[in-house]
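# Understanding the architecture of this molecule
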Amino acid sequence: MKSKKPNYSVKMLPALREIERAKNGRKCHKCEKKPAVFLSHSQLYFCKNHFLEYFERTFMRTVRDFSLIKKGEHILIGLSGGKDSTALLYCLSSLKKSLPFKLTAFIIDVGVPGYCTNSLKCARASCQKLSIPLKIVSFKEETGKTLLEFIKGREEDSCSFCGVIRRHIMNRQAKLLKADKIAVAHNLDDFAQTTLMNIMRNEPARLARFGLMSGIVDDCGFVSRIKPFARLSEVETSIYAIFKNFSYNPESCPYSKNAFRQIVRKTLNEIEEKYPGTKKRIFAGCLVVQKALQEKYSKQGLKICKCKHCSEPSAHEKCKFCEMTESSPAFNL
Ligand SMILES: [Zn+2]
Ligand SMILES: [Zn+2]
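Small disclaimer: the values here were computed from a predicted structure and weren't measured.

Calculation criteria
- Residues numbered from 1 in each chain as written.
- Chains lettered and ligands numbered in written order.
- Predicted model: local features only at pLDDT ≥ 70, side-chain atom pairs only at ≥ 80, totals over all residues.
- Helix = DSSP H or I, 4+ residues; strand = E, 2+ residues; numbered from the N terminus.
- Rg over C-alpha atoms; globule rule 2.2 N^0.38 Å.
- Buried ≥ 20, exposed ≤ 12 C-beta atoms within 10 Å, placed from the backbone.
- Contact = placed C-beta atoms within 7 Å.
- Pairing = 2+ DSSP bridges.
- Axes fitted to C-alpha atoms, helices over the stretch in contact; angles between N-to-C directions.
- Core = buried A, V, L, I, M, F, W, Y, C linked by C-beta atoms within 7 Å.
- Right-handed = clockwise from strand over helix to strand, strands pointing away.
- pLDDT = per-residue confidence, 0-100.
- Parallel < 35°, antiparallel > 145°, perpendicular 65-115°, else oblique.
- Left-handed = near helix turned anticlockwise from the far one by under 90°.
- Nonpolar A, V, L, I, M, F, W, Y, C, P; charged D, E, K, R; others polar.
- Expected span 1.5 Å × (residues − 1).

## So, the overall build of the chain
When helices and strands are tallied, the chain shows 13 helices and 10 strands. Relative to a compact globule of 333 residues, whose C-alpha radius of gyration would be 20 Å, the chain shows 20 Å and is just as compact. A principal-axis box enclosing the C-alpha atoms of the chain has dimensions of 65 × 45 × 40 Å. Across the 333 residues of the chain, 35% fall into the buried class. Restricting to contacts in the chain with at least 6 residues of sequence separation, those with at least 24 account for 69%.

## Notes on unusual backbone geometry
Notably, serine 131 is not glycine yet its phi reads approximately 55°, a positive angle. Tracing the backbone through its elements, the reader meets serine 131 in the loop between helix H4 (115-130) and strand S5 (134-138). When the 8 C-beta atoms within 10 Å are taken as the criterion, serine 131 is described as exposed. In this structure, lysine 178 is a non-glycine residue whose phi angle is positive, near 60°. Judged by C-beta crowding, with 11 C-beta atoms within 10 Å, lysine 178 ranks as exposed.

## Section: the sheet that holds strand S3 (residues 74-79)
Taken together, the 6 strands give an open sheet; going across it, the order is S5-S4-S3-S6-S8-S7, and neighbouring strands pair in mixed fashion. Unpaired on one side and paired on the other, S5 and strand S7 (213-214) mark the two borders of the sheet. In this sheet, strand S4 (residues 102-109) lies alongside S3 in parallel orientation, the contact comprising 6 bridges. Bridge pairing in S4 places isoleucine 75 opposite leucine 103. Sitting on the sheet, H4 touches S3, S4 and S5, and the angle it makes with S4 is about 170°. Packed onto the sheet, helix H7 (residues 158-176) meets S3, S4, S5 and strand S6 (181-183) and runs at close to 140° relative to S4.

## With respect to the nonpolar core
Judged by nonpolar contacts, the single largest core of 73 residues is most densely connected at Phe46, Ile77, Leu88 and Leu92. If we ignore the near neighbours within four places in the chain, the residues touching phenylalanine 46 are Cys28, His29, Pro35, Ala36, Val37, Leu39, Phe51 and Tyr54.

## Some remarks on the environment of glutamine 173
Here glutamine 173 lies in helix H7. You can call glutamine 173 buried: it has 20 C-beta atoms within 10 Å.

## Description of the pairing of S3
Consecutive side chains along a regular strand alternate between the two faces of the sheet. Among the 6 residues of S3, 5 are classified as buried, and the element is accordingly described as predominantly covered. Between the parallel pair S3 and S4, the chain is carried across by helix H3 (residues 83-95), and the sense of this crossover is right-handed. Note that S3 and S6 share 3 bridges and pair parallel. Residue pairing in the sheet places isoleucine 77 in a bridge with alanine 183 of S6.

## What to know about the confidence of the model for the chain
With 90% of its residues at a pLDDT of at least 70, the chain reaches an overall mean of 87. Within the model, pLDDT remains below 50 along residues 329-333, and this stretch shows 8 contacts once partners closer than five positions in the same chain are excluded.

## A few points about the packing of helix H2 (residues 48-65) against helix H10 (residues 234-244)
Between H2 and H10, the least distance of the axes is 10 Å, while the angle of their chain directions is 130°. Between H2 and H10, the interaxial angle falls into the category oblique. Crossing angle aside, the handedness with which H2 passes H10 is left-handed. Together, Lys48, Phe51, Leu52 and Phe55 of H2 and Glu236, Ile239, Tyr240 and Phe243 of H10 make up the contact between the two elements. Grouping the amino acids of the contact of H2 with H10 by side-chain chemistry returns 6 nonpolar, no polar and 2 charged.

## Thoughts on H3
Taking 1.5 Å as the rise per residue, H3 with 13 residues should run 18 Å; its terminal C-alpha atoms sit 18 Å apart, in good agreement. Burial runs high along H3: 10 of the 13 residues are buried. Residues of H3 that are buried include every one of Lys83, Asp84, Ser85, Thr86, Ala87, Leu88, Leu89, Cys91, Leu92 and Leu95, and no others. Tucked inside the fold, the buried residues of H3 contact H2, S3, S4, H4, S6 and H10.

## Things to note about the pairing of S4
Taken together, the 5 bridges between S4 and S5 define a ladder with parallel strand orientation. Counted as the bridge partner of isoleucine 107 is isoleucine 136 from S5. Considered for its hand, the β-α-β crossover made up of S4, H4 and S5 is right-handed.

## Let's talk about the environment of alanine 315
Inspection of the secondary structure assignment puts alanine 315 in the loop between strand S10 (313-314) and helix H13 (320-327). Given 14 C-beta atoms within 10 Å, alanine 315 falls into the partly exposed group. Between the C-alpha atom of alanine 315 and that of lysine 135, which follows or precedes it by 180 residues, the distance is 29 Å.

## So, the packing of H2 against H3
Axis separation between H2 and H3 bottoms out at 11 Å; the angle between their running directions is 70°. By the angle class used here, H2 and H3 are roughly perpendicular. The chirality of how H2 crosses H3 is right-handed. Residues Glu56, Phe59, Met60 and Val63 of H2 form the contact with H3, whose participating residues are Cys91, Ser94 and Leu95. Classifying every residue of the contact of H2 with H3 by side-chain character gives 5 nonpolar, 1 polar and 1 charged.

Structural data, given as structure tokens:
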């Protein structure tokens, strides 16, 4: 039995499965309408409107519960053109109606042909639609090299390499734009994966630091990064993107590779399928553990100084960005 379906990427399959499961339900959990989606983790059926309401409420509750945004602040949102950051852009834009703050969007053009053109096009379209100013920064202008030149010889871990560079550029730009915080679209899946990875790598200090608002150490040049989607899963952001029907780039970066995270992601998805709600329980458990750990690490004191080469904040004399860019094979040619 084949029905007409738009061309969704493989990443959307779990979301489409939840939409398919709605056929088994009689009515929405909140009203008499036919359900449009079934959420396995809560075992609840929702019509389209009540799903959108649930999604935006969860986002707003996270902002409120963790005091992520205060009235009058300037928030910089990091866009990739993908579904998660576009969904966050829509939610932040709608939050502005009840909580006035300044919102600026930001995207790094990493210079990957095709992928980037599409990402930039989608980011521009969404920002234009919502009347949000967009700042585009070129990876090459910021670092002197393209991403491809940088990852040469380190393809196996290109994502964490690219991540360090992105964070560095974002932090510097946020200060230039006088932004108070940087909003990133990390969702529940990212959060649960990072929690497990930090445990498996035995890195409790990292586990203590990576919460919903990072950059707790004041006055060291770190602009706080906030994660208002931490309670929403990737399946939920996918359903939101499908229901809202906004334009986004469905492709992943063709160079995205992080072998370890991919294994954790796959395993966690398998466990979630068998035991729905696992990701949410990891999130809740992590918050409790983090509280205890933060106390321990705040007593020890986290020393942050400025990098001697670029003056950006760093735990060592030379920051990771400078360490990486100088040791990059592209630089040693
Ligand atoms: Zn309903
Ligand atoms: Zn540096």
